Amino acid sequence: MIELLNEVADTDPRYEDFSVWHYRTDSWWWQHQGAVIRLGRKIEIGLRFSLDGLRIQGAWWYPDPGQVDMFRKAVASEGSGRELSAIVEDVRKKGYDISGDVMKRPPRGYPADHSRTDLLRHRSLIAARPLGCEEWLHTPEAVDRVLSAAADLDALLMWLVRHVKRAA
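This is a predicted model, so every value here is computed, not measured.

Remarks on the pattern of salt bridges
Thought 1: The full count for this structure, using the stated rule, is 14 salt bridges.
Thought 2: D101 serves as the salt-bridge partner of R123, at 3.2 Å between the closest nitrogen and oxygen. Within this pair, whereas R123 is found in the loop between α5 (117-120) and β6 (125-132), its partner D101 is found in the loop between β5 (97-99) and α5, the two being separated by 22 residues in sequence.
Thought 3: Through salt bridges with shared partners, a single ionic network connects D90, K94, R129 and D152.

Below is the structure:
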């Protein structure tokens, strides 16, 4: 995992801030290694090695106070809201599952019939998909696969960096 992240970090200066965890004596942790590449406050690319292979996700989660309000204001705005909606649809078409902490109802202060109610209900936003467990996973091709998946997530993550990076 560390070698993979070092090689990924060499390709883009935005990827230089990363952490690896779950190296403990318990075998479960060795079989479920995780890492994050931070792009902004609470905005990151997550990688997980397990017996099922490699999984990647782009996430904004565990928001700081004020970040959810910033996110919702940007979603409700015509320009940035439409942009995010198109980005999320594009990421979904590329095979990513869209999830996060989602409220059952629209938040207070926003109309229930808002055109982007589905996004307004989010208190976090995650796009994730498995990359697989084939032979390439143990070759230099793994770096290319991670970079390709990171490129899929770039528009989403950069939107989040622009609109929710700092808490109010």
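Back to the text.
Here we look at a negative patch on the surface
Thought 1: A grouping of E3, E7, D10 and E16 is seen on the molecular surface, where their side chains present a negatively charged patch.
Thought 2: Following the sequence through the fold, E16 ends up in the loop between α1 (2-9) and β1 (18-21).
Thought 3: With a relative accessible area of 54%, E16 lands in the exposed category.

Structural notes on α1
Thought 1: Within the span of α1, buried status applies to L4, L5, V8 and A9. For α1, the angular spread of buried residues about the axis comes to 130°, placing them on one side.
Thought 2: Its buried side turned inward, α1 meets β1, β2 (33-40), β3 (43-50) and α6 (141-164).

Re the sheet that holds β3
Thought 1: Ordered by their spatial adjacency, six strands build an open sheet running β1-β2-β3-β4-β6-β5, and the pairing between neighbours is antiparallel. One side of each edge strand has no neighbouring strand; the edge strands of this open sheet are β1 and β5. Each adjacent strand pair in this sheet contributes to an overall mean axis angle of 20°, direction not counted.
Thought 2: Where β1 lies against β2, four bridges are found, and the strand directions are antiparallel.

Thoughts on the packing of aromatic side chains
Thought 1: By the definition in use, this model includes three aromatic pairs.
Thought 2: Aromatic side chains F71 and W159 sit 6.0 Å apart centroid to centroid with 85° between the ring planes, which places their arrangement in the edge-to-face category. Pair noted here: F71 is in helix α3 (residues 67-76) and W159 is in helix α6, with a separation of 88 residues, a long-range link. W159 matches F71 in its accessibility class, with the two residues each being buried.
Thought 3: Counting every residue linked through ring pairs, the aromatic cluster contains W60, F71 and W159.

Focus on the packing of α3 against α6
Thought 1: It is the contact of α3 with α6, at a shortest axis distance of 9 Å, that shows an interaxial angle of 110°. When the axis of α3 is compared with that of α6, the two are roughly perpendicular. Regarding α3 and α6, the two cross each other, and that crossing is right-handed. Within the contact between the two elements, α3 uses Q67, M70, F71, A74 and V75 and α6 uses W159, L160, H163 and V164.
Thought 2: Class assignment of the residues belonging to the contact of α3 with α6 gives a composition of seven nonpolar, two polar and no charged.

Reading guide: rules and limits
Residues numbered from 1 in each chain as written. Predicted model: local features only at pLDDT ≥ 70, side-chain atom pairs only at ≥ 80, totals over all residues. Heavy atoms only, no water. Salt bridge = Lys/Arg side-chain N within 4 Å of Asp/Glu carboxyl O. Helix = DSSP H or I, 4+ residues; strand = E, 2+ residues; numbered from the N terminus. Patch = residues over 30% accessible without salt bridge, like charges linked within 9 Å, V, L, I, M, F, W, Y side chains within 5 Å. Areas by Shrake-Rupley, 256 points an atom, 1.4 Å probe, with all protein chains shown as cover. Lys, Arg positive; Asp, Glu negative; His and termini not counted. Charge placed at Lys NZ, Arg CZ, Asp CG, Glu CD. Buried < 20%, exposed > 50% of the residue type's maximum accessible area, 1.4 Å probe, protein only. Arc of directions from axis to C-beta. Contact = heavy atoms within 4.5 Å. Pairing = 2+ DSSP bridges. Axes fitted to C-alpha atoms, helices over the stretch in contact; angles between N-to-C directions. Phe/Tyr/Trp six-rings, centres within 6.5 Å; stacked < 30°, edge-to-face > 60°. Parallel < 35°, antiparallel > 145°, perpendicular 65-115°, else oblique. Left-handed = near helix turned anticlockwise from the far one by under 90°. Nonpolar A, V, L, I, M, F, W, Y, C, P; charged D, E, K, R; others polar.

That is the geometry; function is a separate question.
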